[in-house]
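The residues making up each chain are set out below.
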Amino acid sequence: MNRRAAWVPWGLAGPALALFAVMLLVPLALSVMLSFNAFDADKGPVAGSFTIAHYLHVVQDPYYYEIFWRTLRVSALVTLACILVGAPEAYILSRMRRPWRSVFLLVILAPLLISVVVRAFGWSMLLGPEGLINGALKLVGIGPVKLLYNEAAIVIALVHVMLPFMVIPVWTSLQKLDPWVENASLSLSASHFTTLRRVVLPQVMPGILSGSLIVFGLSASSFAIPGLLGGRRVKMVATLIYDEYLNELNWPLGAAIALILLAANLVIMLGWNRMVEGRYRKTLG
């Protein structure tokens, strides 16, 4: 009976593990194999070949360094902006009473029901030369200002798209926070700012960590918004991979770039996770 009981969890998790393997691990393994295939301009990928030329090409060309640096910089800026906006927003949301809490939670989640492409087109209309923002600037004697096809447009649109992924984890962490702990700090003559910094913030760090990992990963791999708002000049890694696959038809090079991006994301996210978790354990014991 003990042996049979030990197999029950594996039997229940088996379908999910099989789906995970088929939908994620198999395509990832095929991409790894593809990235080591040679490429012929006339024949395409050469099956059965093995080369590291694509990785060397990416590592040795400064052009790719610029695109990778831009991608990581934009992703970090989006993550920082989402923390600065989303964490206070989640705190205010947690202090609201019914029915306003449900109403504003729906407002926060409503953009997730709209396609990213539609939202990108909406931002292109707002940020365009004849858009609403430039129209308002002209009324005060400023402009027109070039707000499209640059990194600023990408950051603004990505913050709008990624903000719910920061608000929800922080709000969930705040639901576990005992309000009497905050009241005890205030009763001991601590200011509201000190209470937020010394009492509330350390306890919601797991939510901020979860949200920042989600936002950074999704921003680094985002394609629609950089492609529509960045244009052809402001390339990010996702748009570069798209060009290699569909324009240049160099699938092995595109797979190599995608795997390098995956490795860079893993290194940064695991390092950030370890640093924040270490600080969290040190603060709360």
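Here's a quick rundown of the structure. By convention here, each chain's residues receive numbers from 1 onward along its written sequence. This being a predicted model, a pLDDT of at least 70 is required before a residue's local features are given, and a value of 80 or more before pairs of side-chain atoms are given or counted; all residues contribute to the totals for chains, interfaces and linings. Computation of side-chain values covers all heavy atoms of the structure but excludes hydrogens and water.

### Section: the packing of helix H4 (residues 100-109) against helix H7 (residues 151-175)
For clarity, the threshold we go by: Only C-alpha atoms enter the line fits that serve as axes; for helices the fit covers just the stretch in contact. Angles between N-to-C directions range over 0 to 180 degrees. Only DSSP runs of H or I with at least four residues qualify as helices, and only runs of E with at least two residues qualify as strands; both kinds are numbered from the N terminus onward. Contact definition: two residues touch when any of their heavy atoms are within 4.5 Å. Residues are grouped as follows: Ala, Val, Leu, Ile, Met, Phe, Trp, Tyr, Cys and Pro are nonpolar; Asp, Glu, Lys and Arg are charged; every other residue, Gly included, is polar.
Orientation of H4 relative to H7, taken along the N-to-C sense of each, is 150°, at an axis distance of 9 Å. Judged by residue contacts, Arg101, Leu105, Ile108 and Leu109 of H4 engage Pro164, Val167, Ile168, Trp171 and Gln175 from H7. Residues belonging to the contact of H4 with H7 are distributed by class as follows: 7 nonpolar, 1 polar and 1 charged.

### Quick notes on the pattern of salt bridges
What counts, and what does not: The salt bridge criterion pairs a side-chain nitrogen of Lys or Arg with a carboxyl oxygen of Asp or Glu, the two atoms within 4 Å. Buried residues are those whose accessible area, probed at 1.4 Å on protein chains only, stays under 20% of the maximum for their type, while exposed residues exceed 50% and partly exposed ones sit between those limits.
Scanning the model with the defined rule gives 5 salt bridges in all. In this structure, Glu151 engages Arg70 in a salt bridge whose closest nitrogen and oxygen atoms are separated by 3.5 Å. Of this pair, Glu151 sits in helix H7 while Arg70 is found in helix H3 (residues 62-95), placing the two residues 81 residues apart along the sequence. Note that Lys235 and Asp243 form a salt bridge whose closest N and O atoms lie 2.2 Å from each other. Asp243 sits in the buried class, given a relative accessible area of 7%.

### What to know about the environment of Ser94
Among the secondary structure elements, Ser94 is positioned in helix H3. Relative accessible area serves as the criterion here: at 9%, Ser94 is assigned to the buried category. C-alpha separation for the pair Ser94 and Trp171, spaced 77 residues apart in sequence, amounts to 6.4 Å. Ser94 has contacts with Arg101, Trp171, Leu174 and Gln175, leaving out every residue within four places of it along the chain.

### Topic: the packing of H3 against helix H10 (residues 205-220)
Note the following rule: Note on convention: the crossing is left-handed when the near helix lies turned anticlockwise from the far helix by less than a right angle, right-handed when the turn is clockwise.
Interhelical geometry of H3 versus H10 gives an angle of 145° and a closest axis separation of 9 Å. Crossing of H3 against H10: the hand is right-handed. Between H3 and H10, the residues in contact are Thr71, Leu72, Ser75, Ala76, Val78, Thr79, Cys82 and Ile83 and Ile208, Ser212, Val215, Phe216, Ser219 and Ala220, respectively. The residue inventory of the contact of H3 with H10, partitioned by class, reads 9 nonpolar, 5 polar and no charged.

Read these as layout, nothing more, since geometry by itself doesn't imply function.
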